[in-house]
Amino acid sequence: MSSALTDLFRYPIVQAPMAGGASCPQLAATVSEAGGLGFLAAGYKTPEAMYEEIKQLRGQTARPFGVNLFMPHALTADPAAVEVYREQLAGEAAWYDTPLGDPDAGSDDAYDAKLAILLDDPVPVVSFTFGCPARAVLDAFGKVGTRTVVTVTSPAEAQAAQWAGADAVCVQGVEAGGHQGTHRDDPRADGTGAGLGLLSLLALVREIVQIPVIAAGGLMRGSQIAGVLAAGAVAAQLGTAFLVCPESGANALHKRAMTDPVFGRTELTRAFSGRPARGLVNRFMREHGRYAPAAYPQVHHLTSGLRKAAAKAGDPQGMALWAGQGHRLARELPAARLVEVLAAELDAAREGLGVTWDRGAVS
């Protein structure tokens, strides 16, 4: 297996890019300094805000880090379905005393402008979610020395990423918190049986691609990292585990909800964004999830103000509480300490599993 990524970090621990504020410069810098690979999330940010965060991160660490981009979306949603959902949310707007957002506020997330910045002032790693860039884009990053990672949720997506020239893929199991990074959002796949579990997906992907594989989805302990390394991954990506760290930019209500017994389970929902995303089941999800159309990012724009108003009001029942299936295992540790604990747990587990980690090789 190529060491295209593993020479960038001491431990096979990647902090997931969590859009919405959690993956701030302080968190990413701390994780990188501790020996993992920290990530910034450029999704929903302006190009200028992304660049400012990169400058802040560089001021806090000289270690490698990554930046995640959302791929642009074609506007294929039914406008009538979006309008019906808008009408259903009128009561929420009245309750939180805030207007609903404009569903037509944009669909490309300023993708081209962000590409231009990252090619002009390269960072060590750039990853992509919701699709795979064209070969010309991946080749351009290769020429400036940036490693590229494409999030995939199926063997076919992984194969397409390899053909396009990605340096690695991040295999996202259905257990993962936040948005499923599917390249094509197919509402016919919705349901309790949608998506593959991480270990099954990891095995299927390893059968057909030769590039390095990062494993993501519900991972919270070092023993789980050892498991995915034994299954062929070169590193594990953890999001929910880092969301509760003090360095995380996530809302305090979101952090507390991870281990609050009021929120006992997670589900995939379109309620907040119009795209399947895993979060803690709350009132908003129960009342609106079944009616939300397959309309991303229109629904995201529509509910943005509601989510902010709920947070301001101290009401987690109206917030998007993204969380992986392992959320009850969250530990409120400083990020550097969490990396140390995960590495120690990995060391304790790897001998029994026959896994060794040697900065660039898994055997």
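As a reminder, the structure under discussion sits directly above these lines.
Remember, it's a predicted structure, so these values are computed and weren't measured experimentally. (Residues numbered from 1 in each chain as written. Predicted model: local features only at pLDDT ≥ 70, side-chain atom pairs only at ≥ 80, totals over all residues. Heavy atoms only, no water.)

Draft legend 1. Looking closely at unusual backbone geometry. Note the cis peptide between Tyr 296 and Pro 297, where omega equals 5°. Take Pro 297: it is sitting in the loop between helix H12 (283-288) and helix H13 (298-312). Non-glycine residue Ala 110 carries a positive phi angle of around 55°. Locating Ala 110 in the fold gives a position in the loop between helix H4 (90-95) and helix H5 (111-120). In this structure Ala 110 comes out as partly exposed when scored by relative accessible area, which is 24%. Positioned with a positive phi, Phe 130 is a non-glycine residue whose angle comes to about 75°. Relative to the assigned elements, Phe 130 resides in the loop between strand E4 (125-129) and helix H6 (135-143). Here Phe 130 falls in the buried class, since its relative accessible area comes to 4%. (Helix = DSSP H or I, 4+ residues; strand = E, 2+ residues; numbered from the N terminus. Buried < 20%, exposed > 50% of the residue type's maximum accessible area, 1.4 Å probe, protein only.)

Draft legend 2. Local environment of the packing of helix H1 (residues 25-33) against helix H2 (residues 47-60). One way to put it is that H1 packs onto H2 with a least axis distance of 9 Å and a crossing angle of 35°. Like other packed secondary-structure pairs, H1 and H2 cross with a definite hand, here right-handed. Between H1 and H2, the residues in contact are Pro 25, Gln 26, Ala 28, Ala 29 and Glu 33 and Glu 53, Gln 56, Leu 57 and Gln 60, respectively. Of the residues in the contact of H1 with H2, the class split is four nonpolar, three polar and two charged. (Axes fitted to C-alpha atoms, helices over the stretch in contact; angles between N-to-C directions. Left-handed = near helix turned anticlockwise from the far one by under 90°. Contact = heavy atoms within 4.5 Å. Nonpolar A, V, L, I, M, F, W, Y, C, P; charged D, E, K, R; others polar.)

Draft legend 3. Structural view of the packing of aromatic side chains. For the coordinates displayed, the defined rule picks out six aromatic pairs. Here Phe 70 and Phe 130 contribute two aromatic rings whose centre-to-centre distance is 4.8 Å and whose plane-to-plane angle is 45°, an arrangement assigned as tilted. Here the residue Phe 70 occupies a position in strand E3 (residues 65-70), and Phe 130 occupies one in the loop between E4 and H6, the gap between them amounting to 60 residues. The exposure classification of Phe 70 matches that of Phe 130, with both residues buried. Through a chain of ring-to-ring contacts, the aromatic side chains of Tyr 44, Phe 70, Phe 130 and Tyr 296 assemble into a single cluster. (Phe/Tyr/Trp six-rings, centres within 6.5 Å; stacked < 30°, edge-to-face > 60°.)

Draft legend 4. Inspection of the pattern of salt bridges at higher detail. Applying the stated rule across the entire model yields 15 salt bridges. A salt bridge links Asp 7 to Arg 147, with the nearest nitrogen and oxygen atoms 3.0 Å apart. Separated by 140 residues along the polypeptide, Asp 7 in the segment before strand E1 (13-15) and Arg 147 in strand E5 (residues 147-152) bring together distant segments of the chain. We classify Asp 7 as partly exposed; its relative accessible area is 41%. Here Glu 340 makes a salt bridge to Arg 337, at a shortest N to O gap of 3.3 Å. With Glu 340 and Arg 337 both in helix H14 (residues 335-353), this residue pair falls three residues apart, about one helical turn. (Salt bridge = Lys/Arg side-chain N within 4 Å of Asp/Glu carboxyl O.)

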